[in-house]
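# Descriptive analysis of the structure
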Amino acid sequence: MTETICSSASTEDEKPHSCIKQHLIWNGATYTNVTCGAPYSNIEQALSYNSAADGRRNIFRCIEDQLTGQSWSRLRAVVSDYVAHQMPSLMQQTEISLGSMNKVFAARWVDSRNVVCATKCNQLFVVDTKTHRKTYIPVLKCSPFNKDPDSPCGIHCIAVNPSRTFLATGAEHTNAVAVYRLPTFDPVYVGESGHSDWIFDIVWLDDEFFISGARDSKLALWRVKDEMVRLVAPLASVGKYPIYRPLSIKKCVKAEKVRALSYNEHTQELVVLSLSAYLHLFDAQTFKQVIFI
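Throughout what follows, the structure given in this document is the object of discussion. The structure presented is a predicted model; accordingly, all values stated were derived computationally and were not measured.

The next point concerns unusual backbone geometry. Going from leucine 182 to proline 183, the amide bond is cis rather than trans, its omega being 5°. You can see proline 183 is positioned in the loop between β11 (177-181) and β12 (186-191). Phi is positive for lysine 257, which is not a glycine, with a value near 65°. Looking at where lysine 257 falls in the secondary structure, it is placed in the loop between β17 (248-251) and β18 (258-264).

With 23 residues, the main nonpolar core has Val116, Leu124, Ile158, Leu167, Tyr180, Phe185 and Val190 as its most contacted residues. Only β6 (114-119), β7 (124-128), β9 (158-160) and β11 provide two or more residues apiece to this core. If sequence neighbours within four positions are ignored, phenylalanine 185 has contacts with Val110, Val116, Val126, Ile137, Leu167 and Tyr180. Within the second largest apolar cluster, 18 residues are counted, among which are Cys157, Phe166, Val179 and Tyr189.

Across the sheet, which stays open at both edges, the four strands sit in the order β13-β14-β15-β17 with antiparallel pairing between neighbours. In this open sheet, the two strands that pair with only one neighbour each are β13 (199-204) and β17. Taken pair by pair, the neighbouring strands of this sheet meet at an average axis angle of 20°, ignoring direction. Pairing of strand β14 (residues 209-214) with strand β15 (residues 218-223) involves five bridges; the strand directions are antiparallel. Pairing of glycine 213 across the sheet is with leucine 219, part of β15.

Here we take up the pairing of β12. On a regular strand, one side chain projects to one face of the sheet and the next to the other, so that they alternate. With five of six residues buried, β12 lies mostly within the body of the structure. Bridging between β11 and β12 involves five bridges; their strand directions are antiparallel. Bridge pairing in β12 places valine 177 opposite glycine 191. In textbook terms, the turn of a hairpin is the stretch between consecutive antiparallel strands, and for β11 and β12 this stretch comprises four residues, one of which, phenylalanine 185, has a positive phi near 60°.

What counts as what
Residues numbered from 1 in each chain as written. Predicted model: local features only at pLDDT ≥ 70, side-chain atom pairs only at ≥ 80, totals over all residues. Heavy atoms only, no water. Helix = DSSP H or I, 4+ residues; strand = E, 2+ residues; numbered from the N terminus. Core = buried A, V, L, I, M, F, W, Y, C linked by side-chain atoms within 4.5 Å. Buried < 20%, exposed > 50% of the residue type's maximum accessible area, 1.4 Å probe, protein only. Contact = heavy atoms within 4.5 Å. Pairing = 2+ DSSP bridges. Axes fitted to C-alpha atoms, helices over the stretch in contact; angles between N-to-C directions.

Okay, structure coming up:
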């Protein structure tokens, strides 16, 4: 059986060295680099191949790029169905003890080795996947005017903006948002008066705007500007930060408890999932509900 694992076509306009691309053929026993004619005796050698023209055509580098927000097309160019089936056997699971903390509700990569986690017991911490060291992040306090919902239940979501300069998550109260600056985790502000119940999800529209969805069936639009960081810098050094209200609040028609949000940057549309078995489509530019299905 012969199976093409990966190939790249070159054009006459390309420079000569750019034509050296990875092209592997599986003949049932070995992989052969068609361009160079070099055999590969196992899948590990084939996957770790780097061509002279493109040193990043390595499957593991591509996965790393995907985790850190790089181009997905590079990963798709290397991964075939066969390679995808082999990946689980090539990777090893590493368990990191979290001690007495109660359930991790959300986790996000902040860079190539650090993951920030949020728990049911309202804790935020960063795990270094290389050293397994945990660094706790202070949860931002709410103002006395913000009433915590009944039966508070931890922090359910974490979202990082596209340029990885800000992180939005839950605050001390489960109906408030907290914004941190990355990579230092300096506090930027706490967002209140957007929701009356638990916040279940947050999604960034771009580097400045993000939307939160909550169990009160509402969406809240928030903004973070670079000017805010400059203004809050003197306060952050003494553990203080401002309180902001949302730019806009929308009731999700036919929704019963908003549970998840997904944003399509190409169509600039927001999809909202609720417990009422509806998908709700919003125009992100106008923040208006278009349809529910």
